[in-house]
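Structural characterization, general
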Amino acid sequence: GSLAETALLSKGTPSTAVSFTMQQVAAHSSAASCYSAIEGSVYDLTPFIGKHPGGAAAIKSLCGVDGTAAFTGQHGGQGRPVSELASLKIGVLVQ
């Protein structure tokens, strides 16, 4: 538990990434705790619900589900939404 190890873990490098199943993601299906799987990664969208420029409802609809189609349909190839999303990543999706 050195400081260097802690810093490494918080960066979410592949070797230390936390794994989630869709069942675990589905358990976080409310505005109080909102996880979504997008393109194979898992994101905690909870802190972003109130900040989303397109409105809270768009984020709430992704809570507990795979939001890949919704996100890429709305924001595919857009730099800012992609980087905002990246900052909320908490792990990777496993089958």
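Before any of the text, the structure's been laid out above.
Below, the structure is looked at part by part. (Residues numbered from 1 in each chain as written. Predicted model: local features only at pLDDT ≥ 70, side-chain atom pairs only at ≥ 80, totals over all residues. Heavy atoms only, no water.)

Let us now look at the overall build of the chain. Helix and strand content of the chain: five helices and five strands. Element order for the chain, N to C, with α for helix and β for strand: α-β-α-β-β-β-α-α-α-β. In the chain, which comprises 95 residues, the proportion classed as buried is 26%. Within the chain, counting contacts between residues at least 6 apart in sequence, those at least 24 apart form 64% of the total. (Helix = DSSP H or I, 4+ residues; strand = E, 2+ residues; numbered from the N terminus. Buried < 20%, exposed > 50% of the residue type's maximum accessible area, 1.4 Å probe, protein only. Contact = heavy atoms within 4.5 Å.)

So, about the environment of Pro 53. With respect to the secondary-structure elements, Pro 53 resides in the loop between β4 (41–44) and α3 (56–60). For Pro 53, a relative accessible area of 73% corresponds to the exposed category. Spatially, the C-alpha atoms of Pro 53 and Pro 81 are 10.0 Å apart, while their sequence positions differ by 28 residues.

Next up on the list: the pairing of strand β5 (residues 89–93). One ladder, built from two bridges, connects strand β1 (residues 19–20) with β5; its direction is parallel. When the sheet's bridge partners are listed, Phe 20 is paired in β5 with Leu 93. Alignment of β4 against β5, held across three bridges, turns out to be antiparallel. Residue pairing across strands places Tyr 43 opposite Lys 89, the latter belonging to β5. (Pairing = 2+ DSSP bridges.)

Another point: the state of the cysteines. Summed over all chains, the structure comprises one disulfide. The residue that forms a disulfide with Cys 34 is Cys 63, at a sulfur-sulfur distance of 2.1 Å. Measuring handedness by torsion sign, the sulfur bridge of Cys 34 and Cys 63 sits at about -100 degrees and is left-handed. In this pair, Cys 34 is assigned in strand β3 (residues 33–38) and Cys 63 in the loop between α3 and α4 (68–75), connecting sequence segments 29 residues apart. Take Cys 34 and Cys 63: they sit in the same class, and that class is buried. (Disulfide = S-S within 2.5 Å.)

Following the criterion strictly, the structure yields one salt bridge and no others. As a salt-bridge pair, Arg 80 and Glu 84 come within 3.3 Å of each other at their nearest N and O atoms. Highlighted residues: Arg 80 and Glu 84, both in helix α5 (residues 79–86), separated by four residues, approximately one helical turn. Residue classification places Arg 80 among the exposed residues on the basis of a relative accessible area of 60%. Given the relative accessible area of 28%, Glu 84 is considered partly exposed. (Salt bridge = Lys/Arg side-chain N within 4 Å of Asp/Glu carboxyl O.)

Here we take up the packing of aromatic side chains. Scanning all chains against the criterion turns up one aromatic pair. Relative to Tyr 35, the ring of Phe 20 has its centre 5.8 Å away and its plane inclined at 85 degrees; by these criteria the two rings are edge-to-face. Taken as a pair, Phe 20 in strand β1 and Tyr 35 in strand β3 lie far apart in primary sequence, 15 residues in all. The class of Phe 20 is buried, set by a relative accessible area of 11%. (Phe/Tyr/Trp six-rings, centres within 6.5 Å; stacked < 30°, edge-to-face > 60°.)

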